[in-house]
Amino acid sequence: MTACDWFDSPRVALYFYGELDPAERERMAAHLRECAECRQALEDLRVVREALARQPRVDAPPAGDWSGFMRRLELATSATTASAPVSHRSRPTPVAAWIAIAATLVLAAGGVLFVARARPTPAAPVAARTTVTAPPVSRPSVPAEAAFKTLSEQHLERSKLVVLGLATRDPETTRPADWAYERTLAGSLLTDTRLYRRAAQDRGLTNVARVMGDLEVVLLETSLSDHADRESLERVQRLIRRRDLLVKMRVMGEGSGL
Amino acid sequence: MNIKCFAAALLAIAFTAGPALAAPPGDSQRLGRAKDYIADEQWAHAIAELKAAVNDPKEPSRDEALFWLAHSEYQAGDPAAAIETVARLERDFPSSRWVRPARSLRVEIAERLRRDDVLWYVATPPPPPPPSLPMPPRVPTPVAQPPSPAPAAAPLAPATPAPPRWTPEAAPLPEQPRAWIPAPFHADTDLRIEALSSLIRDHPDRVIPLLKDIALDNDDVSEARRAIFVLAQSGQPAARRTIVDLAREATETVRIAAVRELGRFGGDEVTHQLLRVYADATPRVKREVVISLGDHADAAALVRIARTESDATLRDTAIITLGRAGAREPLRTLYADGPRDARHAVVTALFSARDVEELTRIANTDPDPAVRRDARERLRLLGRR
């Protein structure tokens, strides 16, 4: 939680990507001089961009099907069309939120951002014709299983940053301090991963449970091991490869494997 | 000559291979090999390497090896061995960071084997610290009186007051299952949540209040959120009512988490429940309710908020959320008879709903030039002007 309204809005991200108009940009620059939280958020975005700049586009969506991608991008940018700021759904911590936004934005690139802003979510068929005089309708609930799948997708999306960061580092040049960030982030994701894996098992969602289980092993190894040397990094990379974790996460993230 | 060559070759071999032969095989290399076997899910090979590692006093990461051994034993279908290994890890390395995930593994095995006694032992909240009792007043000892007999059936007064929420009548303190947990310990909150999530299906009446306490009393929002997640996941009506209570009673951050889970996993009554929460919520919680209603595309509830909310920011959020839900008709009505200062929000929402027809009408007829300009701009973005 933060007291800064600017922090809660997507302005920092839009400023970072040069999407603000000149007047807004000037106001944002002035605000950044005053607000340490927003400065930190901007710095987080820079760190993420530098990290992702080294990555191959292994998690780009399959050609021709951008729907899931656009939906997440819409989530990240949806508040830009609103006169009032609207909070994002998945924001356990400010850093994680910026990471989620940044990862999505970096992967989609600036041009896609513009398209997304000009292409809002297609109109949902439900309730489109409800009149204002009608009494509130008790709508059929979103099935819990679908909700859990969505939650799992969001979690995998957050976790992808860690796995990508680990998978694509060059062990020859990586020092222990260079992947300290991934180690810390892995630790913060571990408890939720375990909880979601077990929930998936309870629901009989074996594919989700399987991916979460593989992710859990990677996160355990990354966050808890005493070793951060070259061999350890290579071993984690082998683990990711042998379990096909990135591919599985991508498939799950696209919603087709759930 | 041949002998010289042979001797030279021997020397060369000794020089190059000597250090390797002199060094003990294994230690961290052995652990590394075991991890590669784990990556390949070759559990028998992994167990063999790890057993050698944990019994090697020169192995610098025996605690880590013990954890992976327990993990591999469980994966290989030997939960009894895994439990023994977890106990050994706790005993030999009580302060190791690997103890925590090992305890999670034990909870998982206990659930699989339906050992509710183990789960209850882990889920039990730690007793409160004993309060510092005031010194009793001094009573002068009577000199020449016979000692008064002790009342035969009077219960002994407890040394410390009973814990506030844990009474023997409600639920007796579970006995320590020594075969599973040789050394007593108090679980951290996340481990308790894991155990409670294993118990909630069979014991909802006991588990739900404990999860509620965790969500209410916890300073750590992540732990509170996880407790609410377990409640929401259970699908129990009582759990859902508890989430509604949390959304109305807890701290603001926990209320937001509760609204989020309510919206995500809510059943048929979710609209009613969300509106109940909305009635006495803070602006931040209200905004979360609006977003949840939008996720359910609940246009009627959003319209009600758009019409009745006095906070313009919240009202506009509801209107824009209507647009994302594609609710064109309610937006047209709101434009016609809603507050004038909401028209910019309505235009934005119509843009989200891609209602070109209504935007065109507004762009041509609205008396406010700023609203007309706004509508034209939106039409341009939609490629219609």
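Within every chain, residues take consecutive numbers counted from 1 along the sequence as written. Both sets of labels track the order of writing: A upward for chains, 1 upward for ligands. Local features are withheld for residues below a pLDDT of 70 in this predicted model, meaning they are given only at 70 or higher, and side-chain atom pairs are given and counted only at 80 or more; totals for whole chains, interfaces and linings count all residues.

Enquirer: I'm lost on the overall build of chain B in this one. Help?
Expert: Helix and strand definitions follow DSSP, with helices as H or I runs of at least four residues and strands as E runs of at least two, each counted in order from the N terminus. Regarding its fold elements, chain B presents 20 helices and zero strands. Counting all 385 residues of chain B, 45% fall into the buried class. Whether two residues are in contact is decided by their C-beta atoms, placed from the backbone, lying within 7 Å. Restricting to contacts in chain B with at least 6 residues of sequence separation, those with at least 24 account for 59%. Residue burial is a threshold on neighbouring C-beta atoms within 10 Å of the residue's own C-beta, all placed from the backbone, with 20 or more meaning buried, 12 or fewer meaning exposed, and counts in between meaning partly exposed.

Enquirer: Explanation requested: the overall build of chain A in the structure shown.
Expert: In terms of regular secondary structure, chain A is built from 11 helices and zero strands. In chain A, which comprises 258 residues, the proportion classed as buried is 40%. In chain A, of all internal contacts separated by at least 6 residues, the share reaching a separation of at least 24 is 75%.

Enquirer: Help me understand the nonpolar core, please; the structure alone is not making it clear to me.
Expert: Generally speaking, nonpolar side chains in soluble globular proteins are found buried as a group. Core analysis: the biggest nonpolar cluster contains 141 residues, and Ile228 and Leu322 of chain B have the highest contact counts within it. Discounting residues that sit within four places of it in the chain, Leu322 of chain B has contacts with Ala299, Leu302, Val303, Ala306, Ala327, Pro330, Leu331 and Ala349 of chain B. To define a nonpolar core, we join buried Ala, Val, Leu, Ile, Met, Phe, Trp, Tyr and Cys residues through C-beta atoms within 7 Å and take the resulting set. Ranked by size, the runner-up nonpolar core spans 10 residues in total, among them Val12, Ala13, Tyr15 and Cys38 of chain A.

Enquirer: Hey, could you run me through the packing of helix H16 (residues 312-324) of chain B against helix H18 (residues 343-352) of chain B in this one?
Expert: How two helices pack is summed up by the angle between their axes together with the distance between the axes. Residue and element names in this part refer to chain B. For the pair H16 and H18, interaxial distance at closest approach is 7 Å and the crossing angle is 20°. What the angle tells us is that H16 and H18 run roughly parallel. In this structure, H16 meets H18 at a crossing whose hand is right-handed. Within the contact between the two elements, H16 uses Asp316, Ile319, Ile320, Leu322, Gly323 and Arg324 and H18 uses Ala345, Val346, Thr348, Ala349, Leu350, Phe351 and Ser352. Orientation is described by lines fitted to C-alpha atoms, with helices fitted over the stretch in contact, and by angles between N-to-C directions that extend from 0 to 180 degrees. Just so you know how the angles are binned, under 35 degrees is roughly parallel, over 145 roughly antiparallel, 65 to 115 roughly perpendicular, and the rest oblique. Should the near helix be turned anticlockwise from the far one by less than a right angle, the crossing is termed left-handed; should it be turned clockwise, right-handed.

Enquirer: Hey, could you run me through the environment of Leu331 of chain B in this one?
Expert: All names here are of chain B. Following the sequence through the fold, Leu331 ends up in helix H17 (residues 328-337). Take Leu331: there are 31 C-beta atoms within 10 Å of it, and that puts it in the buried class. Between the alpha carbons of Leu331 and Ala353 there is a distance of 9.2 Å; along the sequence they are 22 residues apart. The contacts of Leu331, once residues within four sequence positions are left out, are Leu322, Gly323, Val346, Ala349, Leu350, Ala353 and Asp355.

Enquirer: When you look at unusual backbone geometry in this model, what are you seeing that I'm missing?
Expert: Phi is mostly negative for residues that are not glycine, and the peptide bonds are mostly trans. Residues and elements named next belong to chain B. The phi dihedral of Glu41 falls on the positive side, at around 60°, and the residue is not glycine. Mapping Glu41 onto the fold places it in the loop between helix H2 (28-39) and helix H3 (43-54). Located in the positive-phi region is Arg354, a residue other than glycine, with phi close to 55°. One can find Arg354 in the loop between H18 and helix H19 (356-365).

Enquirer: Would you mind showing me how to read H17 of chain B here?
Expert: Each full turn of the α-helix corresponds to 3.6 residues, which orients residues three or four apart in the same direction. Residues and elements named next belong to chain B. For H17, the full list of buried residues reads Arg328, Pro330, Leu331, Leu334 and Tyr335. In an axial view of H17, the angular spread of the buried residues amounts to 165°, which keeps them on one side of the axis. Residues Ala336 and Asp337 are exposed on H17 and point more than 90 degrees away from its buried face. In this structure, the buried residues of H17 make contact with helix H15 (299-308), H16, H18 and H19. The arc under discussion is defined with respect to the helix axis, by the directions toward the C-beta atoms.

Enquirer: Please clarify how the environment of Leu69 of chain B should be interpreted in this entry.
Expert: Residues and elements named next belong to chain B. Within the secondary structure, Leu69 sits in helix H4 (residues 62-75). A sequence separation of 22 residues divides Leu69 from Ile47, and the C-alpha atoms of the two residues are 5.9 Å apart. Beyond its immediate stretch of four places on either side in the chain, Leu69 contacts Ile47, Leu50, Lys51, Val54 and Thr85.

Enquirer: What's the story with H3 of chain B in this structure? I'm lost.
Expert: All names here are of chain B. Counted at 1.5 Å a residue, the expected span for H3 with its 12 residues is 16 Å, and the 16 Å between its end C-alpha atoms agrees. Turning to H3, its buried residues number three or more, namely Ala46, Ile47, Glu49, Leu50, Ala53 and Val54. On its buried face, H3 is in contact with H2 and H4. By definition here, a helix of n residues has an expected span of 1.5 Å times n minus one.

Enquirer: Sorry if this is basic, but what is going on with the confidence of the model for chain A here?
Expert: Predicted coordinates in regions of low pLDDT should not be interpreted in detail. Predictor confidence is given residue by residue as pLDDT, running from a minimum of 0 to a maximum of 100. A residue-level look at chain A finds 57% of positions with pLDDT of 70 or above and a mean pLDDT of 68. Least confident of the elements in chain A is helix H6 (residues 94-118) of chain A, whose mean pLDDT is 42; most confident is helix H9 (residues 206-224) of chain A, at 94.

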